[in-house]
Amino acid sequence: MFHVKQSEKTSANESFGMDTPLARELADLSARRRALEAAKVEFTGDTRVLTVSNQKGGVGKTTSAVNIASALAGLGAKVLVIDLDPQGNASTALGVPHSAETPSVYDVLIDEFPLAEIVQPSPEDPNLFCAPSTIHLAGAEIELVAQVAREHRLRRALEDYLVDNAMDFVIIDCPPSLGLLTINAFTAASEVFIPIQCEYYALEGLSQLLGSIQMIQKHLNPALHLSTILLTMFDGRTRLAQQVAEEVRTHFPDQVLETVIPRSVRVSEAPSFGQTVIAYDGQSAGAIAYREAAVEIASRIATQSKEK
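All of the points below concern the structure found in this document. Here the structure is a predicted model, which is why all the values come from computation and not from measurement. Within each chain, residue numbers correspond to sequence positions counted from 1 in written order. Given that the model is predicted, a residue must reach a pLDDT of at least 70 before its local features are reported, and side-chain atom pairs must reach 80 or more before they are shown or counted; all residues, however, enter totals for whole chains, interfaces and linings. Side-chain measures here rest on the full set of heavy atoms in the structure, leaving out hydrogens and waters.

**So, helix α7 (residues 153-164)**
- When accessible area is computed with a 1.4 Å probe and restricted to protein chains, residues below 20% of their type maximum are described as buried, those above 50% as exposed, and intermediate ones as partly exposed. Under the DSSP-based scheme used, a helix requires at least four consecutive residues in state H or I and a strand at least two consecutive residues in state E, with every element numbered from the N terminus. Within α7, the full set of buried residues consists of R153, L154, A157, L158 and Y161. Down the axis of α7, the buried side of the element spans an arc of 120 degrees, and every buried residue falls inside it. Along α7, the residues that are exposed and aim more than 90 degrees away from the buried face are R156, D160 and V163.
- We call two residues contacting when some pair of their heavy atoms lies within 4.5 Å. Check the buried side of α7 and you find it contacts β1 (48-52), β2 (79-83), α5 (105-111), α6 (140-144), β5 (169-173) and α8 (180-188). Arc definition: it is the arc formed by the directions from the helix axis to the C-beta atoms.

Written out as structure tokens, the structure is:
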């Protein structure tokens with residue numbers, strides 16, 4: 001009978017490959033979780049109004065809006081999400097009812113309802129609120145054409161709301177187009193937050209959006225500026241994703257967050273349960289990335305310089 005002598009230099013655990021990509025990823029996630037637990041963010045009491053926009057669809061716009069909002073609420077900020085997309089996906093993700101009979105942003109824009117009458121608390125967090133969208137909003141683009149001060153209706157409603165309802169952040173989720181709904185969002189906000197998918201066509205959409213922002217700055221809202229770019233659906237295994245990320249960082253070094261959002265099954269699953277990934281699986285890689293992005297956004301001082 002032969003006996004194989006195990007090398008004294010190799011332990012049983014090492015023989016199973018503890019230094020593997022999976023093990024390194026788990027160790028990295030654990031370290032990031034600990035860093036998030038230690039992170040402390042202070043809020044000044046001033047309200048930052050961000051419009052989350054990208055004319056290209058499928059870039060993680062609504063997903064980023066609701067997850068950043070939930071993560072900010074988890075840090076102690078009072079956050080209002082205004083759902084301006086007729087599909088109502090942000091309302092769904094935040095667990096807020098938005099049937100056709102529900103008072104919504106449509107009533108604010110068309111019938112001049114006070115915003116306070118439609119805002120609902122999200123069951124996810126006592127600091128998180130939502131002004132829901134309904135299917136009626138799909139017709140608002142046409143109806144707004146005949147309205148007085150049609151580009152400023154959301155801004156006026158929001159200013160009135162904030163007089164009696166202090167918020168640290170207002171996050172406006174826009175439809176993937178440049179119609180009157182998106183123009184209302186740009187007019188109401190001071191900051192533009194752009195999620196960018198790490199693929200080639202995303203860069204073309206970005207150039208178009210920057211042109212739209214410049215037009216709004218010139219004619220409607222001089223205070224509007226691009227403050228935040230978030231890279232989404234990042235796959236570090238592909239050279240293309242890395243090249244897109246490098247190019248965006250080169251052109252916008254001050255606006256691009258250090259955090260990137262990876263492709264994640266958990267992030268995709270969460271909306272089907274009427275939740276953000278923060279509530280659905282707060283320890284997953286996608287949730288950790290959004291929580292890190294929220295810390296970055298909250299820690300940044302919103303500059304008033306305009307993007308040239």
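We are not done yet, so read on.
**Concerning the packing of aromatic side chains**
- Here is the rule: rings of Phe, Tyr and Trp (six-membered ring for Trp) pair when centre to centre is within 6.5 Å. Planes less than 30 degrees apart are stacked, more than 60 are edge-to-face, and the remainder are tilted. Tallied over the full model, the rule gives two aromatic pairs.
- Each ring, one from F43 and one from F169, has its centre 6.2 Å from the other, and the planes form 90 degrees; the classification is edge-to-face. Here F43, found in the loop between α2 (21-38) and β1, pairs with F169, found in strand β5; they are 126 residues apart in sequence, far enough to count as distant.
- With a relative accessible area of 2%, F169 lands in the buried category.
- A centroid spacing of 5.0 Å and a plane angle of 25 degrees characterise the contact between F273 and Y280, whose relative ring orientation is stacked.

**Observations concerning unusual backbone geometry**
- For E112, which is not glycine, the phi dihedral falls at a positive 60 degrees.
- Within the fold, E112 resides in the loop between α5 and β3 (120-121).
- The exposure class of E112 is exposed, given its relative accessible area of 57%.
- Positioned with a positive phi, M233 is a non-glycine residue whose angle comes to about 50 degrees.
- Note that M233 resides in strand β7 (residues 225-234).
- For M233, a relative accessible area of 22% gives the class partly exposed.

**Here's the deal with helix α9 (residues 200-219)**
- A helix's residues, less one, multiplied by 1.5 Å, set its expected span. Taking 1.5 Å per residue, 20 residues should reach 28 Å; α9 reaches 31 Å between its end C-alpha atoms and fits that length.
- Residues of α9 that are buried: A202, L203, G205, L206, L209, L210, S212, I213, I216 and Q217.
- Of the surrounding elements, those touching the buried residues of α9 are α8, β6 (191-197), β7 and α10 (239-251).

**Overview of the nonpolar core**
- By size, the foremost hydrophobic cluster in this structure holds 54 residues, and its most contacted members are L80, I82, L115 and I172.
- Top contributing element to this core by residue count: α9, with seven residues.
- Residues grouped as a nonpolar core are buried Ala, Val, Leu, Ile, Met, Phe, Trp, Tyr and Cys residues, joined through side-chain atoms within 4.5 Å. Residues A65, I68, L230 and A289 belong to the second largest nonpolar core, which totals 40 residues.

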